[in-house]
Amino acid sequence: MGINSVAVVADLGESFGNYTIGDDGALLGLVTSSNIACGFHAGDPRIMDRTVKDCVERGIELGAHPGYPDLVGFGRRLIEATEEEIRTDVLYQLGALDAFARVHGGTISHVAPHGRMGSIAQTDARHARAITDAIAAYNKDYVVICQRGLLAEESRKRGLEVGYVFLADRGYGDDGMPVSRSRPDGLIHDPELIGERSAQVVREGTVRSVDGNVVPLGHDADVLLLHGDHPSVLANGTALRAALAAEGIRVAGLREVLAEKAEKAEKTEKAEAALAG
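Owing to the predicted nature of the structure, the values given are computational and were not obtained by experimental measurement.

Reading guide: rules and limits
Residues numbered from 1 in each chain as written. Predicted model: local features only at pLDDT ≥ 70, side-chain atom pairs only at ≥ 80, totals over all residues. Heavy atoms only, no water. Axes fitted to C-alpha atoms, helices over the stretch in contact; angles between N-to-C directions. Helix = DSSP H or I, 4+ residues; strand = E, 2+ residues; numbered from the N terminus. Parallel < 35°, antiparallel > 145°, perpendicular 65-115°, else oblique. Left-handed = near helix turned anticlockwise from the far one by under 90°. Contact = heavy atoms within 4.5 Å. Nonpolar A, V, L, I, M, F, W, Y, C, P; charged D, E, K, R; others polar. Salt bridge = Lys/Arg side-chain N within 4 Å of Asp/Glu carboxyl O. Buried < 20%, exposed > 50% of the residue type's maximum accessible area, 1.4 Å probe, protein only. Expected span 1.5 Å × (residues − 1). Arc of directions from axis to C-beta. Patch = residues over 30% accessible without salt bridge, like charges linked within 9 Å, V, L, I, M, F, W, Y side chains within 5 Å. Areas by Shrake-Rupley, 256 points an atom, 1.4 Å probe, with all protein chains shown as cover. Polar contact = N/O pair within 3.5 Å; in protein donor to acceptor, adjacent residues only side chain to side chain. Disulfide = S-S within 2.5 Å.

Engineer: Would you mind showing me how to read the packing of helix 2 (residues 45-58) against helix 3 (residues 83-103) here?
Structural biologist: When two helices pack together, you describe them by how their axes are tilted relative to each other and by the distance separating the axes. Where helix 2 meets helix 3, the closest approach of the two axes is 9 Å, and the angle between their N-to-C directions is 45°. Comparing the axis directions of helix 2 and helix 3 gives the class oblique. Crossing hand, helix 2 versus helix 3: right-handed. Facing Pro 45, Met 48, Asp 49 and Val 52 of helix 2, the residues of helix 3 in contact are Ala 96, Leu 97, Phe 100 and Ala 101. In the contact of helix 2 with helix 3, the residues fall into 7 nonpolar, no polar and 1 charged.

The following block contains the structure:
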């Protein structure tokens, strides 16, 4: 724990047709990386095109944000899909976003499964296998953004790098995992608290749970996530960046953060080997 840098990501491109969700233009000034909706839970070809173009022009890392084909439920409802359906749905969405990335001279950096698809993959082997099979088949260089659990384990089995995420605007339980959105404390509405919690997670690897206990997250926070559809997302992002700056925590792209982490781990391993020898 206690890493010196962290990526800041927001879910972007989640509008659809004439319906606008979030303020992507303002968010681009607060993030280093993006999770871009791929047209299933949100987004459409025009919005994907524009979002990718804007990110490439601003030097913001591109991330695919595949989800269930569930526009009505915003991808937050469980879909009883087969393993093959999940795999091919994810593969389809990766290809779609990659087309826009190539046209605009960008490269997809990571994949962050959205909503219910992503959360259930932490504990459901069928989802974890299907998602990681699709990613590994398409491009093994993609980093998988997730929390601890089966999705991280299946990613590593397939040689995929993992970037651990902390959901900055969500309440966490004593198990170090987010509580349900259906709970009154499932979503945090205090921007200053969001900033304080995020800095604590990066600095100490712990989070104060909804029950008031300080609990370990169980992994480094490589990336801090802001939900683009949160009603106070701009205030949340501003407070988060201010809290990180006050603690001397550097923000960078996810790739840079993971490279720094690997370099530190290698130095530590060599130092320990030297002492043991």
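Engineer: Is there a simple way to think about the pattern of salt bridges in this case?
Structural biologist: Opposite charge on two side chains permits pairing when their charged atoms draw close. Inspection of every chain in the model, using the stated rule, returns 19 salt bridges. Between Lys 261 and Asp 220 there is a salt bridge whose closest N-O contact spans 3.5 Å. One end of the pair, Lys 261, is in helix 9 (residues 254-276); the other, Asp 220, is in the loop between strand 8 (214-216) and strand 9 (223-226), with 41 residues separating them in the sequence. According to the relative accessible area criterion, Asp 220 is buried, its value standing at 15%. A salt bridge links Lys 270 to Glu 266; the shortest N-O distance between them is 3.4 Å. One end of the pair is Lys 270 and the other is Glu 266, both in helix 9 and 4 residues apart, which spans about a single turn.

Engineer: What is the right way to read helix 8 (residues 233-246) from this model?
Structural biologist: Note: α-helices contain 3.6 residues per turn, so residues at a spacing of three or four share the same orientation. In this model, helix 8 (14 residues) spans 20 Å end to end at C-alpha, consistent with the 20 Å of a helix rising 1.5 Å per residue. Taken together, the buried positions of helix 8 are Val 233, Asn 236, Gly 237, Ala 239, Leu 240, Ala 243 and Leu 244. For helix 8, the angular spread of buried residues about the axis comes to 165°, placing them on one side. Facing away from the buried side of helix 8 by more than 90 degrees, the exposed set consists of Ala 245 and Ala 246. Note on helix 8: the residue one or two positions beyond its end, Gly 248, has a positive phi of about 75°.

Engineer: It is not clear to me how a nonpolar patch on the surface should be interpreted in this structure. Could you clarify?
Structural biologist: A cluster of nonpolar side chains, contributed by Phe 16, Tyr 19 and Leu 71, occupies part of the molecular surface with about 340 Å² of accessible area. Among the secondary structure elements, Leu 71 is positioned in the loop between strand 3 (62-65) and helix 3. Overall, the relative accessible area of 39% leaves Leu 71 in the partly exposed class.

Engineer: Would you mind showing me how to read the side chain of His 230 here?
Structural biologist: In this fold, His 230 is placed in the loop between strand 9 and helix 8. Polar contacts involving the side chain of His 230 include one to the main-chain carbonyl oxygen of Ile 188, which spans 2.7 Å. Contacts of His 230, omitting those with residues within four sequence positions, involve Asp 169, Leu 187, Ile 188, His 189 and Asn 236.

Engineer: I would appreciate a short explanation of the packing of helix 3 against helix 5 (residues 125-138) in the present structure.
Structural biologist: Running from amino to carboxyl end, helix 3 crosses helix 5 at an angle of 35°, the nearest separation of the two axes being 8 Å. The handedness of the crossing between helix 3 and helix 5 is right-handed. Across the interface between the two elements, Glu 83, Ile 86, Arg 87, Val 90, Leu 91, Leu 94, Gly 95, Asp 98 and Arg 102 from helix 3 touch Arg 126, His 127, Arg 129, Ala 130, Ile 131, Asp 133, Ala 134, Ile 135 and Tyr 138 from helix 5. Its residues assigned to classes, the contact of helix 3 with helix 5 shows 9 nonpolar, 2 polar and 7 charged.

Engineer: Even after reading the chapter, I still don't get the state of the cysteines, so can you show me in this structure?
Structural biologist: One way to say it: the disulfide is the covalent bond shared by the sulfur atoms of two cysteines. This model, assessed by the stated rule, comprises 0 disulfides. Cys 55 takes part in no disulfide bond, and the closest cysteine sulfur, belonging to Cys 38, lies 12 Å away. Judged by its relative accessible area of 0%, Cys 55 falls in the buried class.

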